[in-house]
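The primary structure of each chain is shown beneath.
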Amino acid sequence: MNKTDVLRPEEIAPLSSLDVWEDDLLARYPEPEKKAQEEYRNYDKPARDTVREFYRLNHQFQTYDFVQEKKAEFLRFDKKELPVWEAFDYLNTLVDDSDPDIELDQLQHLLQTSEAIRADGHPDWFVLTGLMHDVGKVLCLFGEPQWAVVGDTFPVGCQFSDKIVYPELFQLNPDSRDERYNTKYGVYEPNCGLRNVHMSWGHDEYLYHMMKDYLPEPALYMIRYHSFYAQHREHAYEHLLDDHDREMFEWVKKFNPYDLYSKSPKPPVVAELKPYYSALLAKYLPPVIRL
Ligand SMILES: [Fe+2]
Ligand SMILES: [Fe+2]
């Protein structure tokens, strides 16, 4: 039986919405010029407690075996076939009305990210990456628990870094007591390259596999590692990266501010943007994507 089949409801959705995780990221990594300003709106104590509970579950259950199990289950892409715009509509059914925060739906976050990238004159595949980067969150709609969809990602199969958020919660993870996995390199070789490393399971890894035949490599790095804050912000896993990863991580770093800091209360007008993005999607992606 699949480990996630036996979870209680509060273990599936500890956060009132996925945005709570992203608000927490903003509080941890505020936009440099806004650092001195008052705390992010609604970033109150109860929200922090649910974030901690979210990471308790994430850090406890994201084991090496769990990742292999989820890859076997989801990388077959046999769940659903959808035209890309319908995938956005599908993703938007995730919106949680109980969140008192300014509510932008998932497509609006994607469009704000991609529009900020476009406004800075980046190549069109970079813009497209902004549009697609969170589509992997559709995993939630297949009943997957929040902690197996979002949250900071990290390598499994080797020692968990103390630079990962809430590192003490990894004591709950059985891999931290398994000598195959709890050494600096674990099952990996020094500087073996991230292509040989299994990351904790979530929307990043899932979407990477969905997109890997269609987008240029820097785009794929941005997608696959955009939640790997322990590396792109904290540099905690230099010992697993090779030179190629280091070169590609410049793109991951370039992407991150667009994801974190492009949120504005003014929602983009989807109808106005749709012609441009439809053409962009048609240029790179097949008309139908498989989930
Ligand atoms: Fe994301
Ligand atoms: Fe995002």
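As a reminder, the structure under discussion sits directly above these lines.
Reference entry: report on the structure contained in this document. Remember, it's a predicted structure, so these values are computed and weren't measured experimentally.

### Thoughts on the overall build of the protein chain
Right, on to step 1. Broken down by element type, the protein chain carries 12 helices and 2 strands.
Right, on to step 2. Traced from its N-terminal end to its C-terminal end, the protein chain shows the element sequence α-α-α-α-β-α-α-α-α-α-α-α-α-β.
Right, on to step 3. The C-alpha extent of the protein chain, read off along each of the three principal axes, is 55 × 40 × 40 Å.
Right, on to step 4. By residue count, 40% of the 291 residues in the protein chain fall in the buried class.

### Let's talk about the packing of helix 7 (residues 124–132) against helix 12 (residues 270–284)
Right, on to step 1. Running from N to C, helix 7 and helix 12 cross one another at 105°; their axes reach a closest spacing of 10 Å. Relative to helix 12, the element helix 7 is oriented roughly perpendicular. Together, Asp124, Trp125, Val127, Leu128 and Leu131 of helix 7 and Tyr277, Leu280 and Tyr284 of helix 12 make up the contact between the two elements.
Right, on to step 2. Split into classes, the residues belonging to the contact of helix 7 with helix 12 amount to 7 nonpolar, no polar and 1 charged.

### Structural notes on the packing of helix 8 (residues 203–211) against helix 9 (residues 217–225)
Right, on to step 1. Between helix 8 and helix 9, the shortest axis-to-axis distance is 7 Å and the interhelical angle comes to 155°. Taken together, the axis directions place helix 8 and helix 9 in an arrangement best described as roughly antiparallel. Taken together, the residues of helix 9 that come into contact with helix 8 (itself represented by Asp204, Glu205, Leu207, Tyr208 and Met211) are Leu220, Ile223, Arg224 and Tyr225.
Right, on to step 2. Taken together, the residues of the contact of helix 8 with helix 9 break down into 6 nonpolar, no polar and 3 charged.

### A word on the nonpolar core
Right, on to step 1. Ranked by internal contacts, the top residues of the largest apolar core, which has 69 residues, are Trp21, Leu207 and Met211.
Right, on to step 2. Ranked by the residues each element gives to this core, the list is headed by helix 9, at 6 residues.
Right, on to step 3. Other than its neighbours up to four places away in sequence, Trp21 contacts Leu15, Val51, Phe54, Val150 and Gly151.

### Some points on helix 4 (residues 64–74)
Right, on to step 1. Regarding helix 4, the residues found buried are Tyr64, Phe66, Val67, Lys70 and Phe74. Within helix 4, the buried residues cover an arc of 160° as seen down the axis, which keeps them to one side.

### Overview of the environment of Thr50
Right, on to step 1. Within the secondary structure, Thr50 sits in helix 3 (residues 45–61).
Right, on to step 2. What makes Thr50 partly exposed here is the crowd of 19 C-beta atoms within 10 Å.
Right, on to step 3. Here the alpha-carbon distance between Thr50 and Pro14, two residues 36 residues apart in the chain, equals 6.0 Å.
Right, on to step 4. In contact with Thr50, not counting residues within four places along its chain, are Pro14, Leu15, Ser16 and Val20.

### A few points about helix 5 (residues 84–92)
Right, on to step 1. Among all positions in helix 5, only Ala87, Phe88 and Leu91 are buried. Around the axis of helix 5, the buried residues are gathered within 100° of arc, so they sit on the same side.
Right, on to step 2. Contact partners of the buried residues in helix 5: strand 1 (81–83), helix 6 (106–119) and strand 2 (288–290).

### What about the environment of Met211?
Right, on to step 1. Tracing the backbone through its elements, the reader meets Met211 in helix 8.
Right, on to step 2. For Met211, a count of 22 C-beta atoms within 10 Å gives the class buried.
Right, on to step 3. Spatially, the C-alpha atoms of Met211 and Leu18 are 22 Å apart, while their sequence positions differ by 193 residues.
Right, on to step 4. Setting aside residues up to four positions removed in sequence, Met211 forms contacts with Met132, Leu220 and Ile223.

Quick notes on the rules
Every chain's residues receive numbers from 1 upward, in the order its sequence appears when written. In the order they appear in the text, chains get letters beginning with A and ligands get numbers beginning with 1. Per-residue local features of the predicted model are confined to residues with pLDDT of at least 70, and side-chain atom pairs are confined, for both listing and counting, to 80 or more; whole-chain, interface and lining totals are unaffected and use all residues. Per the convention used, a helix needs a DSSP run of H or I reaching at least four residues, while a strand needs a run of E reaching at least two, with both numbered from the N terminus. Field definition: a residue is buried when 20 or more other C-beta atoms are found within 10 Å of its C-beta, exposed when 12 or fewer are, and partly exposed for counts in between, with C-beta atoms placed from the backbone. To define axes, lines are fitted to C-alpha atoms, for helices over the stretch in contact only, and angles between the resulting N-to-C directions are given on a 0 to 180 degree scale. Just so you know how the angles are binned, under 35 degrees is roughly parallel, over 145 roughly antiparallel, 65 to 115 roughly perpendicular, and the rest oblique. A pair of residues counts as a contact when their C-beta atoms, built from backbone coordinates, are within 7 Å of each other. For this classification, Asp, Glu, Lys and Arg are treated as charged, while Ala, Val, Leu, Ile, Met, Phe, Trp, Tyr, Cys and Pro are nonpolar and the rest, including Gly, are polar. Core membership is restricted to buried Ala, Val, Leu, Ile, Met, Phe, Trp, Tyr and Cys residues, and these are joined into a nonpolar core through C-beta atoms within 7 Å. This arc is built from the directions going out from the helix axis to the C-beta atoms.

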